[in-house]
Amino acid sequence: MNILFLCSHNACRSILAEAIFRHVAKALGVKAQIYSAGSTPRGQVHPLTLHYLTDWQINTVGLTSKSWDDLAAVTPDLVITVCDQAAGESCPVWFGKAVKAHWSLPDPTRAGLSEVEQQREFAALLQALQQRAEALFQMTSNADSAALAAIEKRFPVTKE
């Protein structure tokens, strides 16, 4: 299974999803290739993203902010966009052949958040993405858009 997470800048949320899904796949013994990319990449991973992944003991080796053009040779089975539609963000559209879904994730690095609020939002993303990864990798049939939407609904991003 090849999974591609897309966002505009590929600096935080799509990187978090890539790293967390790789981590869960490895823990469950699932053979999957997980990627992330952006339509207009920042060119560097947000420092807080790397900080929290390191704190959570999730491997950050090889994580880079890259364009979807850099993944032209990749043929994903699933493409999941992770922009925050509630905040009015526009998401890139993948025109290739793949099962597509959108998981709206808040940006924990957006302006105006305190350090404590950022910490809470990163932790909420970790929990939701871990749960979603486990649910996806434990599916007994092929994932389709409806199944991916159900996973998102079942495991919302909740800030405690």
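Below, the structure is looked at part by part. (Residues numbered from 1 in each chain as written. Predicted model: local features only at pLDDT ≥ 70, side-chain atom pairs only at ≥ 80, totals over all residues. Heavy atoms only, no water.)

1. Focus on the overall build of the chain
- Summing up its helical and strand segments, the chain has four helices and four strands in all.
- Secondary structure elements of the chain, listed N to C terminal, follow the sequence β-α-β-α-β-β-α-α.
- The C-alpha radius of gyration of the chain comes to 14 Å, within 12% of the 15 Å expected for a compact globule of 160 residues.
- Taking all 160 residues of the chain together, 46% fall into the buried category.
- Taken as a whole, the chain presents about 8,300 Å² of accessible surface, with 50% of it coming from carbon and sulfur. (Helix = DSSP H or I, 4+ residues; strand = E, 2+ residues; numbered from the N terminus. Rg over C-alpha atoms; globule rule 2.2 N^0.38 Å. Buried < 20%, exposed > 50% of the residue type's maximum accessible area, 1.4 Å probe, protein only. Areas by Shrake-Rupley, 256 points an atom, 1.4 Å probe, with all protein chains shown as cover.)

2. What to know about unusual backbone geometry
- You will see that Asn-10, though not glycine, has its phi angle at about 50°, which is positive.
- Inspection of the secondary structure puts Asn-10 in the loop between strand S1 (2-7) and helix H1 (13-28).
- Its identity is not glycine, yet Gln-57 carries a phi of approximately 60°, on the positive side.
- Note that Gln-57 resides in the loop between helix H2 (47-55) and strand S3 (78-81).
- Looking at Gln-57, the relative accessible area reads 69%, which means it is exposed.

3. As for the packing of helix H3 (residues 115-137) against helix H4 (residues 145-154)
- It is the contact of H3 with H4, at a shortest axis distance of 9 Å, that shows an interaxial angle of 145°. Handedness of the H3/H4 crossing: right-handed. Facing Arg-132, Ala-135 and Leu-136 of H3, the residues of H4 in contact are Leu-148, Ile-151 and Glu-152.
- Across the contact of H3 with H4, the residue classes break down as four nonpolar, no polar and two charged. (Axes fitted to C-alpha atoms, helices over the stretch in contact; angles between N-to-C directions. Left-handed = near helix turned anticlockwise from the far one by under 90°. Contact = heavy atoms within 4.5 Å. Nonpolar A, V, L, I, M, F, W, Y, C, P; charged D, E, K, R; others polar.)

4. Comments concerning the sheet that holds S1
- Pairing is parallel across the open sheet formed by four strands, whose spatial order is S2-S1-S3-S4. Each edge of the open sheet is held by one strand with a lone partner, namely strand S2 (33-38) and strand S4 (99-102). Adjacent strand axes in the sheet meet at a mean angle of 20° when their direction is disregarded.
- Judged from the four bridges that link them, S3 and S4 form a sheet pairing that is parallel. If you follow Val-79 over to S4, its bridge partner there is Lys-100. (Pairing = 2+ DSSP bridges.)

By themselves, these figures tell us nothing about what the structure is for.
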